[in-house]
Amino acid sequence: MAPPPKTPASRNAAGKAAGLKARKPSAKQSTKPATLSRARIEELFARLAAANPEPRSELEYVNVYTLLVAVVLSAQATDAGVNKATRALFAQVQTPQQMLDLGLDGLKAHIKTIGLFNPKAKNVIALSEILVRQHGGAVPRDRAALEALPGVGRKTANVVLNIAFGEETCAVDTHIFRVANRLGLAPGKTPLAVELALEKVLPKAYRRHAHHWLILHGRYICKARAPACPVCPIADLCGYTAKVLA
Ligand code: SF4
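Asks: I'd like a rundown of the site of the ligand, residues and numbers included.
Replies: For the ligand, the set of nearby residues contains 13 residues, the closest of which are Cys-222, Pro-227, Cys-229, Cys-232 and Cys-238. Of the residues belonging to the shell around the ligand, the class tally is 11 nonpolar, no polar and 2 charged.

Asks: With reference to specific residues and values, describe the environment of Phe-45.
Replies: In this structure, Phe-45 sits in helix 2 (residues 38-51). Each C-alpha atom, one on Phe-45 and one on Ala-205, is 9.2 Å from the other, the two residues being 160 residues apart in sequence.

Asks: Report on unusual backbone geometry, specifying residues and quantitative values.
Replies: One non-glycine residue with positive phi stands out, namely Gln-76, at about 55°. Tracing the backbone shows Gln-76 in the loop between helix 3 (64-73) and helix 4 (79-92). Of note in this structure, Leu-116 is not a glycine but carries a positive phi near 60°. Take Leu-116: it is sitting in the loop between helix 5 (96-111) and helix 6 (117-135). Assessed through the 14 C-beta atoms surrounding it within 10 Å, Leu-116 is described here as partly exposed.

Asks: Outline the environment of Gly-188, listing residues and values.
Replies: Considering the arrangement of structural elements, one finds Gly-188 in the loop between helix 9 (174-183) and helix 10 (191-201). As a C-alpha pair, Gly-188 and Phe-177 span 11 residues in sequence and 8.0 Å in three-dimensional space. Sequence-distant contacts of Gly-188, that is, excluding residues within four places in its chain, are made with Ala-193, Val-194 and Ala-197.

Asks: Quick rundown of helix 3? Include the residues and the values.
Replies: By the criterion of burial, helix 3 is predominantly enclosed, with 9 of the 10 residues buried. All buried positions along helix 3 are accounted for by Tyr-65, Thr-66, Leu-67, Leu-68, Val-69, Ala-70, Val-71, Val-72 and Leu-73. Turning to helix 3, the residues buried within the fold contact helix 4, helix 5, helix 6 and helix 8 (154-163).

Asks: Describe the nonpolar core, listing the residues and the values that go with them.
Replies: Membership of the largest hydrophobic core comes to 60 residues, with the highest contact counts inside it found for Leu-68, Val-160, Ile-176 and Ala-180. In terms of residue count, helix 3 provides more of this core than any other element does, 8 residues in total. When residues of this core are assigned to domains, at least three map to each of domain 1 (8-54 + 169-237) and domain 2 (64-163). The residues contacting Ala-180, other than those within four sequence positions of it, are Leu-185, Ala-186, Pro-187, Val-194, Leu-198 and Leu-214.

Thresholds applied
Residues numbered from 1 in each chain as written. Predicted model: local features only at pLDDT ≥ 70, side-chain atom pairs only at ≥ 80, totals over all residues. Near = placed C-beta within 6 Å. Nonpolar A, V, L, I, M, F, W, Y, C, P; charged D, E, K, R; others polar. Helix = DSSP H or I, 4+ residues; strand = E, 2+ residues; numbered from the N terminus. Buried ≥ 20, exposed ≤ 12 C-beta atoms within 10 Å, placed from the backbone. Contact = placed C-beta atoms within 7 Å. Core = buried A, V, L, I, M, F, W, Y, C linked by C-beta atoms within 7 Å. Domains from an automatic or database assignment.

Here it is as structure tokens:
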């Protein structure tokens, strides 16, 4: 679900309309991106929001429990690869008890195309047992309880809290880590540092969906090896010194 590309002319017009001047690189420019001003951050999210007002996860799920399972399975795997494996699984299994009934070998048979499927399958069975035993079969709306589940770290908890419970969390994955640093939006050396920096700078109006906008921007435009700067809708706001606009 790539945001529609905009032309350099439309980007410039949008920047001028927002009273922003394009940055000119200088010979002495640092390799570190400049931290974005509040006005630039507002403008950046206004553009991402206008292009995709209701962003959604590309992971497929049918309820909160299957969302949790899909996110656990997605570690170091693509959403498309996870979806391919979980379509048949989630047609059959939609609750922790149903997962326990399926069993470890049954689960492995469904997800064997996903990287690290052996430890992931063990984690899914173990977390399903805990959900049944300690939470009445429900996924808790509580960070500590989520992070106590096998295979669930801060990032997974943030995704579930955001998507399933509407909380304004921002799960920093590889895309958000790269984009936040390149843009100068929330520089940090670790995912946690970037997450905490984002919490400080994200405008209130955009906090709920910032996670999705930044992931999609990183996945389809600001790609790791070859960022598509010439079609980037926020290029004139970006502090990345190595961006190539033509
Ligand atoms: S201009 Fe290039 S480096 Fe900057 S956000 Fe856009 S794609 Fe990424």
